[in-house]
Amino acid sequence: MPTITVVKIYADGSGDYTSLKAGWDANKTNLVTADVALEFELKGNLINTDAAVDASGYTTDATRNITVRPVAGDETDGIAGNTGTVYGTNTWILICRSDFIEFKGLEVDGFSDDFDSCSNLTIRDCLFHDGTGAIAAVTGAKVFN
C-alpha cells in the first residue's frame, strides 16, 4: 500500500502552494519507485490562477496515482457556487498522457478548454460549468456522476 502524500493548494496562502500548476510542477517524481500516491487538496477560489497543468514528469500506476480534490467539506453538491472551492484555468484544465489521475468532487468553472491528450483519467462527482472548448484526444477516460 503506497504512502499518501497530500499537497495543499490553498488560494489564501495557508497551504503549500497557491496554484495547482506550481504544486504540480514542484512535486514531479516517479511515484512508483517512491511508492507514493499524491493528493492535491484544493481550497478557495482557484479560478484562472493557472495556465495548463501538464502531467508529464510523473510515473504512476493504478495504486501510485494522483488525485485532485477539494478540502474535506467543500465537495460539490451539483449546484454552481455552493462550494467554497472552485477550480478553473485560462487554458486546458489538464494535459495528462498515460498517467493515472482522478479529478474528484470538484466544482470546475471558467476554463477555456477541458482536457487534452488524456488517458487513464477518471472524473468523479464533479460539476463543470461556464467553460468553453472541447475535450481533445481523450482515450480511456472514465466519468462518474
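What comes next is a walk through the structure. In this text the structure is predicted, and so the values were computed from the model without any measurement. (Residues numbered from 1 in each chain as written. Predicted model: local features only at pLDDT ≥ 70, side-chain atom pairs only at ≥ 80, totals over all residues. Heavy atoms only, no water.)

### Section: the pairing of strand β10 (residues 121–124)
No. 1: Here strand β7 (residues 101–104) runs beside β10; their pairing, made up of four bridges, is parallel. Pairing of Phe-103 across the sheet is with Ile-123, part of β10.
No. 2: Where β10 lies against strand β12 (residues 142–144), three bridges are found, and the strand directions are parallel. Across the sheet, Ile-123 pairs through a bridge with Val-143, a residue of β12. (Pairing = 2+ DSSP bridges. Helix = DSSP H or I, 4+ residues; strand = E, 2+ residues; numbered from the N terminus.)

### So, the packing of aromatic side chains
No. 1: By the definition in use, this model includes two aromatic pairs.
No. 2: Ring geometry for Trp-24 versus Phe-40: centroids 4.9 Å apart, planes at 15 degrees, classification stacked. Linking Trp-24 in helix α1 (residues 20–26) with Phe-40 in strand β2 (residues 36–43), this pair joins segments that are 16 residues apart in sequence. The same class applies to Trp-24 as to Phe-40, namely buried.
No. 3: Ring centres of Trp-24 and Tyr-58 lie 5.7 Å apart, and the angle between their planes is 80 degrees; on these two criteria the pair is classed as edge-to-face. One end of the pair, Trp-24, is in helix α1; the other, Tyr-58, is in the loop between β3 (45–47) and β4 (66–70), with 34 residues separating them in the sequence. (Phe/Tyr/Trp six-rings, centres within 6.5 Å; stacked < 30°, edge-to-face > 60°. Buried < 20%, exposed > 50% of the residue type's maximum accessible area, 1.4 Å probe, protein only.)

### Things to note about the nonpolar core
Buried together is how nonpolar side chains tend to be arranged in soluble globular proteins.
No. 1: In terms of nonpolar packing, the biggest core is built from 29 residues, with Leu-20, Trp-24, Phe-40, Leu-42, Leu-94 and Phe-103 touching the most fellow members.
No. 2: Elements that contribute at least two residues to this core include exactly β1 (3–10), α1, β2, β4, β6 (92–95), β7 and β10.
No. 3: With four residues, β2 is the single largest residue contributor to this core. (Core = buried A, V, L, I, M, F, W, Y, C linked by side-chain atoms within 4.5 Å.)

### Examining the pairing of β2
No. 1: For β2, a buried count of seven out of eight residues is recorded, marking the element as mostly surrounded by other parts of the structure.
No. 2: In the sheet, β1 pairs with β2 via eight bridges, with the strands oriented parallel. Opposite Val-6, over in β2, you have Glu-39 as the bridge partner.
No. 3: Taken together, the five bridges between β2 and β4 define a ladder with parallel strand orientation. If you follow Glu-41 over to β4, its bridge partner there is Arg-69.

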